[in-house]
Amino acid sequence: MNAMTRRSGAIPLLGSVGAGRATAGQVVLALGILVFLVLFLVWPVATVIWVAFTEKGTGAFTLVNFYDFARTDLFVRAFWNSFYVSAMAVVFASAFALPLAYITSRFAFRGAAVIQILGFLPLIMPPFVGAVALQLFFGRNGSINLLLDDWFGFKVPFMEGLNGVVFVQSIHYFPFILINLSAALRNIDRAMEEAAQNLGSSGFRLFRRIVFPLALPGYVAGASLVFVKVFDDLATPLLLNVKDMLAPQAYLRVTSIGITDPMGYVISVVLIVTSVAAMWAASLATRNIDYATVQRGGGGLVRRSLKPWETVAAYAVIAVILLLVLAPHFGLLLLSFATIWSFSPLPDAYTVAHYARVFGESSLYIKNTLIYASLAGLIDIAVGTAIAYLVLRTKLPGRASLDTIATAALAIPGIVLGIGYLRSYYGVELWDGTPLASLWIVIVLALAIRRLPYALRACHAALQQISVSLEEAAENLGATKMRTVRRVVIPLMTGGLAAGFVTSFATAAVELSATLMLVQSNADAPLAYGLYVFMQSPAGRGAGAALGVIAVVIVAASTVLSQLLVERDRRSKAGHS
Amino acid sequence: MADPALANDIQLKAVDLRIDDVSASYGDHRVLNHIDLDVRPGEFFALLGPSGCGKTTLLRTIAGFAQAEAGRILVGGNDLSKLPPWKRDVGMVFQSYALWPHLTVARNVAFGLEERRLPRADIARRVATALDFVGLGQLGERRPSELSGGQQQRVALARTIAIEPKILLLDEPLSNLDAKLRIQVRRELRSLQQRLGLTTILVTHDQEEANTICDRVAVMSAGEVQQVGTPAELYETPANLFVAQFLGTANVLEGRVVSAGGGRVFESSGGLRLSVAPETQIPDGARMVFRPQDASVVTGDAPADGSGLVSGRIVYREFLGSTLRYGIQAGGADLYVDAPFKTGVRPLAPGDQVTVSIAANSVKWLSA
């Protein structure tokens, strides 16, 4: 036999040969998206950076603002505090996530289902909501410390100052590490481990030399995400009344001193630079050690069953973490039904009055949230689909830069976007003199931009799954590009798009960093803002908690819905290659 | 002349296809280099070649998914090369079948007709006719994922013929089927094509597939057509070394032609001598080519100056069923020689000293 005739399979198409030039429609679409991104992402952020580097009043270039920043003790302390809190949150989040990931991927363990629930339960409650509830249990006069004081005569400062922020954030964000690390462990080709065993390696040496290096990139990805999220977060420190961190400082400068004060902008630039630097460092650290694409099979490590004492230990670890994770949920629920809950392990009595109040006078918050989050979700999947289509299916020059710009929103903290919008659009007035920045639609746009990177990835994935030949078949049978998109591409993307929409919706519904800057009147405020306002006064805590419960229900329901949609979509296409 | 099974609902006409000096590139890489082809009306025509030879690109150029830089594609005398894919009426059955998973089988078949804004009643009738034609009349309401691979392919074919294409393009139609089904489906494909009477272009890398289904074959390599002919012609009289080696197995010997005793003799660099008949034309630099079945092998050394005889040693033996193939090292070259396998006859074994004898009239003289 001739060697050539035996080769099977077709040529992998390297791309289309001399594929058609961009159509006018594609150009218009790309320009439209570019204008959108420039107006609502690039321009506001550029404005923030520009203000930070110019002299107040004259507009001349200067570094004096940064000099002032470095000279002010408060800001330097705030920077190191933010850094410390983020780093410690990574440490504690790792302490929660590592054992859980190891247990599920190494052992055949019945409790694995509980661990999966642990993987998303914290995420459905925004951290600033959890902060209030945790204070009730772990605060100086919270349930735990009251009991400790009664029984042993001492208290533990779980929630004092920075401790509180670290505590709340690590409980909230450890799933990011858990999810990424578990995925990395699952993707390890089982043969990698078996080859090492075959060559005589076992136990801890096997773990150190093979498993750890292969899983490391997943861990680093999760850890850097936690670092950035915590570093940028505004709402949690504010609610815990911790002011000497960077994001709260930026907020306080702009809200108390005013929009012209350069310090808020300098802090914004520091926030952006640190976020970018952290992500960059993470990608640099894993650049030469990310073997995910080299590995073939996956299948994860070989699982063995646990010995009895190991089972007990595993359940003990899970129980402790589960209790911590559930604490804010229980606390919030109790608080929402409590008449008075102060200086006692549990509330004095229970009532539904808070819910009556929230659904009565404050139902506006809920309505606003539903409108804002839905609109933001719709904008996200529309823009996301358009960008994904241009990137994956056309040869338009510069199409990749749309993707890059939209994804860059990841590195922009919510408060920076908020400040940018205020600065850029407060001066722009409508025909009746209202500043553009005071319109509620601006909140929607900020939410949409913040969630766009995630929605874009969802749309990208949904489109990528569609084999190009499905579209070519439509064209071959007489459908134009436009008709093909309508009749084949969009219907096939529906499941992925719906999931992307729900994810955007759920996270936008509880976003506070950007909203806090942009809400101009109570009538336009969404739920997260209302919650923040309620929590400012002891009398409002009950109603705030009721709002928090509603927020959690909305996010939880959305999360379940998006899982169902993905699952149904996957099943409806099963069997198709 | 359509098959009665198509009634008058689907009217197909056999037209000719002319590829006229077509060239295409991917970046700096030339994938098609001045291709000329004439396909006759109603012919089943194969584009055959190894991976990367340009056959799929040529097919996609006909369908309009790849753009030719130069040249024309004439279907029934009309140049299609400037039309977008959706205006070409060139039916294509994709390698993956490309059935839309969100539509039922019937809706898949109806798609092209809906795009043509046909009246609803006509669409229903044509869909039914097309599905009946491929023997899937009962499965219209199923989803593609509920069908077997062979059934999916027939849906793809029904979907294509429903639009009354001018020609039919098949991209590696058998590659997604398992070996056993492949032989059955390729017969079905041939008979369906005969009943349709449509001019059909098939792309494949499998010579057996091309040989068994197609009327004529174009062998392609490196973006060029090496030879066009019936399967037997290509095998019998390959135009060059590539075709000889791509279709079946060929022994190739280098050497030179010298004058000896009033005649000509080919001397291989390994010591084989073969008298050349006076009327035989041997181009400069040509090599001696023969098929394994055109040589035979016997035990023992060859006589010193026997024409077409060469001594060698058996290196390996492959059992192919009805034949045995010997790999023989003979004077520096590796030769394949086939011998019939007969029950009770002890085959030769690796290590045996043998004489290979080549039938002079079966030898071809080919250059690269």
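Reading the values: the criteria
Residues numbered from 1 in each chain as written. Chains lettered and ligands numbered in written order. Predicted model: local features only at pLDDT ≥ 70, side-chain atom pairs only at ≥ 80, totals over all residues. Helix = DSSP H or I, 4+ residues; strand = E, 2+ residues; numbered from the N terminus. Rg over C-alpha atoms; globule rule 2.2 N^0.38 Å. Buried ≥ 20, exposed ≤ 12 C-beta atoms within 10 Å, placed from the backbone. Contact = placed C-beta atoms within 7 Å. Pairing = 2+ DSSP bridges. Axes fitted to C-alpha atoms, helices over the stretch in contact; angles between N-to-C directions. Domains from an automatic or database assignment. Parallel < 35°, antiparallel > 145°, perpendicular 65-115°, else oblique. Left-handed = near helix turned anticlockwise from the far one by under 90°. pLDDT = per-residue confidence, 0-100. Core = buried A, V, L, I, M, F, W, Y, C linked by C-beta atoms within 7 Å.

So, about the overall build of chain A. The number of helices and strands found in chain A is 24 helices and two strands. Whereas a compact globule of 577 residues would reach a radius of gyration of roughly 25 Å, chain A reaches 26 Å, a difference of no more than 12%. Considering only C-alpha atoms, chain A reaches an extent of 85 × 75 × 50 Å along its principal axes. Evaluated residue by residue, chain A yields a buried proportion of 47% over its 577 residues.

This paragraph deals with the overall build of chain B. Scanning chain B from N- to C-terminus turns up eight helices and 21 strands. For the C-alpha atoms alone, the extent of chain B along its principal axes is close to 80 × 50 × 40 Å. When the 368 residues of chain B are sorted by exposure, 44% land in the buried category. For chain B, the share of sequence-separated contacts (at least 6 apart) that also reach a separation of at least 24 residues comes to 66%.

All names here are of chain B. One open sheet accounts for three strands, arranged S11-S15-S21; its pairing is antiparallel. For this open sheet the edge positions go to strand S11 (251-253) and strand S21 (364-366), each flanked by a neighbour on one side alone. Each neighbouring strand pair of the sheet contributes to a mean axis angle of 30 degrees, computed without reference to strand direction. In this structure, S11 lies alongside strand S15 (residues 287-290), joined through three bridges in antiparallel fashion. Looking at S15, one finds that leucine 253 is bridged to methionine 288.

Let us look at unusual backbone geometry. All names here are of chain B. Even without being glycine, aspartate 89 reaches a positive phi, approximately 55 degrees. Assignment of secondary structure puts aspartate 89 in the loop between strand S5 (78-79) and strand S6 (90-93). Phi angles above zero are rare outside glycine, and arginine 117 is one such case at about 55 degrees. One can find arginine 117 in the loop between helix H2 (105-115) and helix H3 (120-133).

Let us now look at the domain arrangement of chain B. The domain architecture assigned to chain B consists of domain 1 (4-240) and domain 2 (251-366). Taking only C-alpha atoms into account, the centre of domain 1 of chain B sits 42 Å from that of domain 2 of chain B.

This next bit is on the packing of helix H18 (residues 414-425) of chain A against helix H19 (residues 440-464) of chain A. Residues and elements named next belong to chain A. Running from amino to carboxyl end, H18 crosses H19 at an angle of 140 degrees, the nearest separation of the two axes being 11 Å. As judged from the angle between their axes, H18 and H19 are oblique. Pair H18 / H19 crosses with right-handed handedness. Along its contact with H18, which presents Gly414, Leu417, Gly418, Tyr421 and Tyr425, the element H19 presents Val442, Ala446, Ile449 and Arg450.

What follows concerns the pairing of strand S18 (residues 323-330) of chain B. Residue and element names in this part refer to chain B. Here strand S17 (residues 309-319) pairs with S18 via six bridges, running antiparallel. By the bridge assignment, arginine 313 is partnered in S18 with glutamine 329. Where S17 folds back on S18, the antiparallel hairpin that results is connected by three residues, among which glycine 321 adopts a positive phi of roughly 100 degrees.

To continue, consider the confidence of the model for chain A. Residues and elements named next belong to chain A. Mean pLDDT over chain A stands at 83; residues scoring 70 or higher make up 92%. Model confidence for chain A, summarised as mean pLDDT per element, is weakest for helix H1 (residues 3-6) at 36 and strongest for helix H2 (residues 24-52) at 93. Taken as a whole, residues 1-19 scores under 50 in pLDDT and shows 38 contacts with residues more than four places along the chain or in a different chain.

It is worth spelling out the pairing of S17 of chain B at this point. As a general feature of sheets, a regular strand has side chains that alternate between the two faces. When S17 of chain B meets strand S20 (residues 353-358) of chain B, the two strands line up antiparallel, connected through five bridges. When the sheet's bridge partners are listed, arginine 313 of chain B is paired in S20 of chain B with glutamine 353 of chain B.

All names here are of chain B. One open sheet accounts for six strands, arranged S6-S7-S8-S3-S9-S10; its pairing is mixed. The open sheet terminates on both sides in strands that have one partner only, identified here as S6 and strand S10 (224-229). Across the sheet, the axes of successive neighbouring strands diverge by a mean angle of 20 degrees, strand direction being ignored. Sheet analysis places S6 next to strand S7 (residues 167-171), joined by four bridges and oriented parallel. Among the inter-strand pairings, valine 93 is bridged to a residue of S7, identified as leucine 170.

We now examine the nonpolar core. Ranked by size, the top nonpolar core spans 286 residues in total, and within it Val226 and Ala551 of chain A together with Ala158 and Leu169 of chain B carry the most contacts. Residue contributions to this core peak at 15 residues, all from H19 of chain A. Structurally, this core is a two-domain feature, drawing no fewer than three residues from each of domain 1 (4-240) and domain 2 (251-366) of chain B. In this view, alanine 158 of chain B contacts Val109, Ala130, Leu131, Phe133, Val134 and Leu136 of chain B; residues no more than four positions away in its chain are not counted.

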